[in-house]
Amino acid sequence: SWDELPNHRKFEKTTGISNSNFTDQIQVSSKKLEVLLDSLNVPSVSIAIGVDNKIIWSEAVGYADSNKKIKATPKTTYRIGSTSKAVTSVAIMTLVEQNKLNLDQSVADVLPDYPTKKWKFTTRQLLSHTAGFPDYDDLSIRGGFYTLLNFKQFNTVEEGLIVFKDVPLLFKPGKQFSYSSFATVLASRIIEKISGNDFLTYLDHTIFQPLKMDHTYGDHSIKTSEYEAEFYQTSSGNSYRGWHTFGIP
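Cut-offs and rules
- Residues numbered from 1 in each chain as written.
- Predicted model: local features only at pLDDT ≥ 70, side-chain atom pairs only at ≥ 80, totals over all residues.
- Heavy atoms only, no water.
- Salt bridge = Lys/Arg side-chain N within 4 Å of Asp/Glu carboxyl O.
- Helix = DSSP H or I, 4+ residues; strand = E, 2+ residues; numbered from the N terminus.
- Buried < 20%, exposed > 50% of the residue type's maximum accessible area, 1.4 Å probe, protein only.
- Phe/Tyr/Trp six-rings, centres within 6.5 Å; stacked < 30°, edge-to-face > 60°.
- Lys NZ or Arg CZ within 6 Å of the ring centre and 35° of its normal.
- 1 Å grid on protein atoms, 1.4 Å probe; cavity = no way out; pocket = protein on both sides within 12 Å on 5 of 7 lines; lining within 4 Å.
- Points joined across faces, edges and corners; volume = space filled by probe spheres on them.
- Nonpolar A, V, L, I, M, F, W, Y, C, P; charged D, E, K, R; others polar.
- pLDDT = per-residue confidence, 0-100.
- Expected span 1.5 Å × (residues − 1).
- Contact = heavy atoms within 4.5 Å.
- Pairing = 2+ DSSP bridges.

### Concerning the pattern of salt bridges
So, step 1. By the definition in use, this model includes four salt bridges.
So, step 2. A salt bridge links R189 to E158; the shortest N-O distance between them is 3.6 Å. Residue R189 is located in helix α7 (residues 181–195), and its partner E158 is located in helix α6 (residues 157–160); the two are separated by 31 residues in the primary sequence.
So, step 3. The salt bridge partner of R189 is E192, with a shortest N-O separation of 2.9 Å. Here E192 and R189 lie together in helix α7, a separation of three residues that amounts to about one turn.
So, step 4. Taking the relative accessible area as the measure of exposure, R189 reaches 17% and is therefore buried.
So, step 5. Counted as one network, the salt bridges with shared partners bring together E158, R189 and E192.

### Focus: the packing of aromatic side chains
What characterises a pair of aromatic rings is the spacing of the ring centres plus the angle enclosed by the ring planes.
So, step 1. For the structure shown, the criterion picks out four aromatic pairs.
So, step 2. Taken together, F121, F133, Y136, F164 and F182 form an aromatic cluster joined through their ring pairs.
So, step 3. Taking NZ or CZ as reference, K69 lies 5.8 Å from the ring centre of Y63, over its face.
So, step 4. The ring of F231 carries R79 above its face, with NZ or CZ at 3.9 Å from the centroid.

### Considering the layout of surface pockets
So, step 1. One number sums up the size of the second largest pocket: a volume of about 200 Å³.
So, step 2. Taken together, L111, P112, D113, Y114, P115, E158, L161, K165, R189 and K193 form the lining of the second largest pocket.
So, step 3. Grouping the constituent residues of the lining of the second largest pocket by class yields five nonpolar, no polar and five charged.

### Points about the confidence of the model for the protein chain
So, step 1. Of the residues in the protein chain, 90% reach a pLDDT of 70 or more, and the chain-wide mean stands at 88.
So, step 2. Summarising per-element confidence for the protein chain, the mean pLDDT is lowest in helix α5 (residues 141–146) (68) and highest in helix α4 (residues 123–127) (98).

### Quick notes on unusual backbone geometry
So, step 1. Residue K69 is not a glycine yet carries a positive backbone phi of 55 degrees.
So, step 2. Judged by its relative accessible area of 44%, K69 falls in the partly exposed class.
So, step 3. Even without being glycine, N99 reaches a positive phi, approximately 60 degrees.
So, step 4. Tracing the backbone shows N99 in the loop between α2 (84–97) and α3 (107–110).
So, step 5. Here N99 falls in the exposed class, since its relative accessible area comes to 72%.

### Focus: α2
So, step 1. Between the first and last C-alpha of α2 there are 20 Å, a value that for 14 residues agrees with the 20 Å anticipated at 1.5 Å per step.
So, step 2. Of all the residues in α2, the buried ones are K85, T88, A91, I92, T94 and L95.
So, step 3. Those residues of α2 that are buried are in contact with α4, α7 and α8 (199–208).
So, step 4. Backbone geometry just after α2 places N99 at a positive phi near 60 degrees.

### Thoughts on the sheet that holds strand β6 (residues 232–234)
So, step 1. What the three strands build is an open sheet, ordered β1-β7-β6; its pairing is antiparallel. Each edge of the open sheet carries a strand with a single partner, namely β1 (3–4) and β6.
So, step 2. With two bridges connecting them, β1 and strand β7 (residues 239–242) associate as antiparallel partners. Following the sheet pairing, D3 is matched in β7 by Y240.

Pasting the structure below:
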């Protein structure tokens, strides 16, 4: 069932860091944060601002769990969605820096077990969405079952390849642009093959730990942290519910 977003959520504000040297700016920004919450029609919003490599203001407004009225705080973690593609690209480039991967080498040479396509394609084309790979809307009903409906839990990247590994390319690589999440998934398999580590372990050791991204981790069906925000969908009106697909949580 759909519930109304709480009208008083703008008062559920939690401040983490507030640098006294920026008091005026923080006060103005804090008021704008409340407006942002309303305009986005979401249960909560969190923000952190840095100056000269130091956080000078962090604040959250709304609920991490609207049903249980658990406040969002600067510790609340949210899904970053397709921003993960940029993280994957950074990981790929660490292999390039180590001279372990040539971006313009055929992926067939790196992943010889991956099904042969009509045309060869490269890692550069995967990451630039020019390899011809499909996206969710291009798959059959079976593909939709695995992806849009979220009925299947994949425990490894290699397991996840089953969704699209036998689907033909949409066009000859390099000739067009077509946004594709699956192309990035295959790029993450390249990382595993070359590094000898599973994808999330490689990210943790190579990116998250060196950059002290202590609260960044892979998204799992079971919560990893007590600070994770609930995942909601919102209607065109001022209402929300826990994420469903065709009525199934």
